[in-house]
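Listed here are the chains, written in short residue letters.
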Amino acid sequence: MEFFQVDVFAGSAYSGNPLAVFPNADGLSSSQMQRIALEMNLSETTFVTAVDGDAYSVRIFTPGQELPFAGHPTVGTAWLLRHIEKLAGERFVQSSAAGDTEVSVVGDELWFERTGRADPDLGGDGPDAGGSIAAALGLEGGDIGLEAGALGGAGRLNPAVSDAGVAQLMVPVRDDSTLARCSPRSELTGVHPMGVYCFTSLGEGRLGARGFFPAVGVAEDPATGSAAAGLGLYLGDRIGGGSFAIEQGREMGRPSRILMRSEPGKVSIGGRCELILRGQLETLPA
């Protein structure tokens, strides 16, 4: 069975977030997919189960479990299917357990669009809000939170859950040096069942981010499109949205660039891909 590895949200080859794609996986069982994803040992592996015109169906697995939706697998799978000419044109529809996702081609970038929700802040708005979150990240309580003025808004940004297909906890932190100091502890798995997406301002139109998802087998992710989409919904709710470039993966030696456009209730996420390898799975797991 043929598979491909694509670097997603990459400025060049060997950057971004690697993704394994199996474009002809309709004969695999769920347990086979999970064992293959563990063998690939990447943040996610996708299995395309059907392609029909400009639409396709996909299942998405981390090394530890199946996900209803994920962002870098959406961009990478659509890019790969178009690259190997299983898809043609400029607009596609991806079907996954979280429903349909529209994907479009803009120059050398692929973009997906999602709607969803951003929940109210957790734990109040004082300077020590998020103390338990801070402890789980190896930070102090005052490190959590960000003045919205740094992003063109007003007030203070505090931790909250956002959901663009997968519910995740958005955690604003004070500045870039604080982001670099994040060092997750074992208690992070108790903060949120999916994981946390930490972010801060890097200047006009730029955000820095780190994603920690140990509960699904991903200690740190180089580029998290679903969380970036959740962040877009969060910012749309709190500051009206905007356009940002998210820089993630620097601390892992996998610099990634995620493009985001958001407004209240809706977000678009885009980026580039690079094909790295193609291979052959010689032994199917039982």
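Residues numbered from 1 in each chain as written. Predicted model: local features only at pLDDT ≥ 70, side-chain atom pairs only at ≥ 80, totals over all residues. Heavy atoms only, no water.

Caption draft 1: Spotlight on the overall build of the protein chain. Looking only at helices and strands, the protein chain features five helices and 20 strands. Whereas a compact globule of 286 residues would reach a radius of gyration of roughly 19 Å, the protein chain reaches 18 Å, a difference of no more than 12%. Its C-alpha atoms put the protein chain at 55 × 35 × 30 Å along the principal axes. Counting over 286 residues, the protein chain shows a buried share of 55%. Partitioning the contacts of the protein chain with sequence separation of at least 6, the portion at a separation of at least 24 is 65%. Accessible surface, the protein chain: about 11,000 Å² in total, of which carbon and sulfur atoms supply 47%. (Helix = DSSP H or I, 4+ residues; strand = E, 2+ residues; numbered from the N terminus. Rg over C-alpha atoms; globule rule 2.2 N^0.38 Å. Buried < 20%, exposed > 50% of the residue type's maximum accessible area, 1.4 Å probe, protein only. Contact = heavy atoms within 4.5 Å. Areas by Shrake-Rupley, 256 points an atom, 1.4 Å probe, with all protein chains shown as cover.)

Caption draft 2: Examining the environment of glycine 64 more closely. Take glycine 64: it is sitting in the loop between strand E4 (55-61) and strand E5 (66-67). Sequence-wise, glycine 64 and alanine 160 are 96 residues apart; in three dimensions their C-alpha atoms are separated by 25 Å. Those residues in contact with glycine 64, other than ones at most four positions away along the chain, are Gln34 and Val216.

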